[in-house]
Amino acid sequence: MLRSISPGRSPLAEYDSGVLWAALLLLTFGMVMVYSASIAMAEASKFTEGQSAYFLQRHALFLAASVVAGMLVFPVPMRLWQRAAPWLFVLGVALLVLLLVPGFGREVNGARRWLSLGIVNVQPSEFMKLFAVLYAADYTVRKLALMHSFKRGLLPMFGVMLVVGWLLLREPDFGAFVVIAAIATAILFLGGMNGRWFAGLLVMMAVGFVGLVLSSPYRMQRIFGFMDPWSDPFGRGYQLSHALIAFGRGEWFGVGLGASVEKLLYLPEAHTDFVLAVIAEELGFAGVLAVIALFSWLVLRAFAIGHQAVALERPYAALVAQGLAVWLGAQTFINMGVNMGVLPTKGLTLPLMSFGGSALLANCVALAVLLRIDWENRQLMRGAPA
């Protein structure tokens, strides 16, 4: 039986204004911080020809396209998303396979995660997160009566996720694998997976992750760098040590917007994976707390929308909403943990805020789906057809 998380609210409008405003604030704040964090890099890079607003312009274009995409998919009913879920998942797997074909995948910093489409690069793993939510929810709804069976309920999904995990690790993209594994596991649990199997799956995942770390020298280096970044501040601990310096300089209210020193080519990936460190330096604890509050509200509202769908006997919509909450919550938690030095360094962006077209597009489409679920909930509670 589906598990609900938190109480929903009475529908006072056609959509959840809290979700919309939290998302808009994060997107707008993200654009400001991407500009601030990327100025030095844009001016120094030979590829940007010294244009200080290069990354801002591209981010603004990505954001505009993503918002338009969200508006276009909002009218799509959830029943159509459910029908398309298996095919979208197959498309995502095909794109991950295509990455490994010579001539298609683009390699950056030793990772082959992007498909080059001329003027833009597409990162399939970002879309795979959304496809995993849609597919895992559809699978769970179809197998609700078998959720207590390991062989017929859990094993098929476990096998599918192993294939996806193998493809992601071939890139390699360990961070995306962790997020997608969390999404699938959470949806199975919320869909009523047997508690013993769930506990066993968690143990297997923990053992598997430890095995992946121990079998990979570069992952081992990241673990050692995380445990003591100051032992090798110019090597394996370089990124984390500069992120921690940024947090330390920010103190309570920061050094001022635009006044970060770490973004001046000291902190790598300042406008992508480590944009939170720049926020901490420039806006201090207050700025970081505001970001955490906005993400927390967004995740809680997503769970509440899922709970409302459960009450309306809409299992697929409920699991999708809760799966989106797990995705945003898990990725945000990992990115923030990495920036603060409480988790090993991983290549995961901060949802809705970091620079990156594929991530922005996937996030905005996901939020449009969430708002659609809420809209259909409200229509049903009013007695109108969804």
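Criteria and thresholds
- Residues numbered from 1 in each chain as written.
- Predicted model: local features only at pLDDT ≥ 70, side-chain atom pairs only at ≥ 80, totals over all residues.
- Heavy atoms only, no water.
- Helix = DSSP H or I, 4+ residues; strand = E, 2+ residues; numbered from the N terminus.
- Rg over C-alpha atoms; globule rule 2.2 N^0.38 Å.
- Buried < 20%, exposed > 50% of the residue type's maximum accessible area, 1.4 Å probe, protein only.
- Contact = heavy atoms within 4.5 Å.
- Areas by Shrake-Rupley, 256 points an atom, 1.4 Å probe, with all protein chains shown as cover.
- Lys, Arg positive; Asp, Glu negative; His and termini not counted.
- Charge placed at Lys NZ, Arg CZ, Asp CG, Glu CD.

Here we look at the overall build of the protein
Along its length, the protein carries 12 helices and three strands. The C-alpha radius of gyration of the protein comes to 21 Å, within 12% of the 21 Å expected for a compact globule of 386 residues. Judged by the C-alpha coordinates and their principal axes, the protein covers about 55 × 50 × 40 Å. Looking at the protein as a whole, 50% of its 386 residues qualify as buried. For the protein, long-range pairs separated by at least 24 residues make up 72% of all intrachain contacts whose partners lie at least 6 apart in sequence. For the protein, the computed accessible surface area is about 17100 Å², with 70% contributed by carbon and sulfur atoms. Here the protein contributes 27 positively and 20 negatively charged side chains, and the mean placements of these two sets differ by 12 Å.

A word on the environment of asparagine 377
Within the secondary structure, asparagine 377 is located in helix α12 (residues 357-381). Separated by 66 residues in sequence, asparagine 377 and alanine 311 have C-alpha atoms that sit 9.5 Å apart. Leave out the neighbours within four places in its chain, and asparagine 377 touches Ile305, Gln308, Ala309, Leu312 and Arg314.

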